[in-house]
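Residues per chain are reported as follows:
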Amino acid sequence: MYVLPVPQMRFLLLFSRQGKLRLQKWFTPLVERERKKVVRDMTLMVLGRPPRSCNFLHWKDLKVVYKRYASLYFCCGLDDKDNELLALEVLHRYVELLDKYFGNVCELDIIFNFEKAYFILDEFLMGGEVQETSKVTVAKSIEASDMLQETMEEYMSKPAF
C-alpha cells in the first residue's frame, strides 16, 4: 500500500484582500527581514492574480498554495516535492476548524481572537505537518482549553484572604 506523504509547510500566512497580515506561522527559521520580504512578496503575488487563476505558484525554490475564503487569503509555502492538492486540503481543514469554533469565521474573528486562531493552528499542525486530522479531537482540545481558561479567570477574580 502506498501512503501519500503529508506536505511539509515552510510557512502559513493569512492576509486580507487589502494586504493586511492577520496571522503568520513560520515552520522554518528565518530572520525578521527575510520574513517581511516573504510576506510582502506573497501578498503582492497572490493579490495581483486574476480571481479565476490557479491556486498554485512557484516562487524561488518553493511551491506556494493559496485559497481565498471570504475576505481572507490562506497561503502556505511548500517544498518543491510536496503535493499541492494535499496542501490545499490542509488549508481547507484549518478553515473548517476555525468555522467550527467561531461559527462561520470572518476576518474580525481572526483579528480579535488571534490567540484562539493560533491555538487551533497549533492543535492541528506541528512543525509544518498535520498533527491531528480529526475535527472532533481538535474541538475537544479547544473546549478543554477554554474551560481551563474560564476556571483560571474565575479563580483569579476571587479575593485572596
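Look up a bit, the structure's there.
Residues numbered from 1 in each chain as written. Predicted model: local features only at pLDDT ≥ 70, side-chain atom pairs only at ≥ 80, totals over all residues. Heavy atoms only, no water.

**Thoughts on the packing of aromatic side chains**
For step 1, the next point in the chain: The full count for this structure, using the stated rule, is six aromatic pairs.
For step 2, the next point in the chain: Each ring, one from Tyr 66 and one from Tyr 73, has its centre 6.3 Å from the other, and the planes form 50°; the classification is tilted.
For step 3, the next point in the chain: A relative accessible area of 11% means that Tyr 73 is categorised as buried.
For step 4, the next point in the chain: Each ring, one from Phe 74 and one from Tyr 94, has its centre 6.2 Å from the other, and the planes form 75°; the classification is edge-to-face. Taken as a pair, Phe 74 in strand β5 (residues 72-79) and Tyr 94 in helix α2 (residues 84-102) lie far apart in primary sequence, 20 residues in all. Tyr 94 shares its class with Phe 74; the two are buried.
For step 5, the next point in the chain: For the cation-ring pair, Lys 67 lies above Tyr 69, with the distance from its terminal atom to the ring centre recorded as 5.8 Å.
For step 6, the next point in the chain: Positioned above the aromatic ring of Phe 119 is the side chain of Lys 116, whose terminal nitrogen or guanidinium carbon lies 5.7 Å from the ring centre. (Phe/Tyr/Trp six-rings, centres within 6.5 Å; stacked < 30°, edge-to-face > 60°. Buried < 20%, exposed > 50% of the residue type's maximum accessible area, 1.4 Å probe, protein only. Helix = DSSP H or I, 4+ residues; strand = E, 2+ residues; numbered from the N terminus. Lys NZ or Arg CZ within 6 Å of the ring centre and 35° of its normal.)

**Things to note about unusual backbone geometry**
For step 1, the next point in the chain: Its identity is not glycine, yet Lys 60 carries a phi of approximately 55°, on the positive side.
For step 2, the next point in the chain: Considering the arrangement of structural elements, one finds Lys 60 in the loop between β3 (56-59) and β4 (62-69).
For step 3, the next point in the chain: Take Lys 60: its relative accessible area is 64%, and that puts it in the exposed class.
For step 4, the next point in the chain: For Asn 104, which is not glycine, the phi dihedral falls at a positive 60°.
For step 5, the next point in the chain: By the element assignment, Asn 104 lies in the loop between α2 and α3 (107-112).

**Examining the pattern of salt bridges**
For step 1, the next point in the chain: In total, this model carries ten salt bridges according to the counting rule given.
For step 2, the next point in the chain: A salt bridge links Lys 135 to Glu 96, with the nearest nitrogen and oxygen atoms 3.6 Å apart. With a gap of 39 residues between them, Lys 135 in helix α5 (residues 135-157) and Glu 96 in helix α2 connect regions that are remote in the sequence.
For step 3, the next point in the chain: Taking relative accessible area as the criterion, Lys 135 reaches 30% and is therefore assigned partly exposed.
For step 4, the next point in the chain: In the salt-bridge network here, residues are joined through shared partners; they are Arg 10, Asp 79, Lys 81 and Asp 82. (Salt bridge = Lys/Arg side-chain N within 4 Å of Asp/Glu carboxyl O.)

**Section: the environment of Leu 23**
For step 1, the next point in the chain: For Leu 23, the location among the structural elements is in strand β2 (residues 21-26).
For step 2, the next point in the chain: When the C-alpha atoms of Leu 23 and Phe 114 are compared, they prove to be 7.4 Å apart, with 91 residues separating the residues in sequence.
For step 3, the next point in the chain: Contact partners of Leu 23, with chain neighbours within four places excluded, come to Leu 12, Leu 13, Leu 14, Tyr 94, Ala 117, Tyr 118 and Leu 121. (Contact = heavy atoms within 4.5 Å.)

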